[in-house]
Amino acid sequence: MVDEHAAAKAKVTVENFADLSFGPDFVDIQILSNAQVAVYLKATERAAQMRDEELHEVYKKTQEYVDKFNTMSNDEKDDKELVDELDNLQEALTRFSKETD
């Protein structure tokens, strides 16, 4: 049996996710794409191999996740070029977003 009084008290708040913000602690934070994270993880893996260190389980799980969703791969370009292209796209999107606000 549904408690009518409790149901009436429960409010459903509909929010526009585009208007949500994380607060002042995150104002200057730059979000990385999966491709950028993939480049960072590759560099970290190479450095660990050179030091003869074993990679942590969290690293391995993160690498699996990034590999699963990373669609920005191009054998003809090195990692730096891909990251530069992504940075340029991100800057263009940021400018566009500010212009349309």
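Rules used in this analysis
Residues numbered from 1 in each chain as written. Predicted model: local features only at pLDDT ≥ 70, side-chain atom pairs only at ≥ 80, totals over all residues. Heavy atoms only, no water. Core = buried A, V, L, I, M, F, W, Y, C linked by side-chain atoms within 4.5 Å. Buried < 20%, exposed > 50% of the residue type's maximum accessible area, 1.4 Å probe, protein only. Contact = heavy atoms within 4.5 Å. Helix = DSSP H or I, 4+ residues; strand = E, 2+ residues; numbered from the N terminus. Polar contact = N/O pair within 3.5 Å; in protein donor to acceptor, adjacent residues only side chain to side chain. Salt bridge = Lys/Arg side-chain N within 4 Å of Asp/Glu carboxyl O.

**Brief notes about the nonpolar core**
Core analysis: the biggest nonpolar cluster contains 6 residues, these being A38, L41, A48, L55, Y59 and V66. In this structure A38 touches V66 and N70, once residues within four positions along its chain are discounted.

**A closer look at the side chain of Q36**
Tracing the sequence through the fold places Q36 in helix 2 (residues 34-50). Looking at Q36, its side chain comes within polar contact range of the side chain of D87, at 2.5 Å.

**As for the environment of A38**
Here A38 shows up in helix 2. Judged by its relative accessible area of 5%, A38 falls in the buried class. As a C-alpha pair, A38 and T62 span 24 residues in sequence and 9.2 Å in three-dimensional space.

**Comments concerning the pattern of salt bridges**
Where charged atoms from two side chains of opposite charge come close, those side chains can pair. All told, the structure shown has 1 salt bridge when counted by the stated rule. R51 serves as the salt-bridge partner of E53, at 3.1 Å between the closest nitrogen and oxygen.

Purely geometric numbers; function is a separate question.
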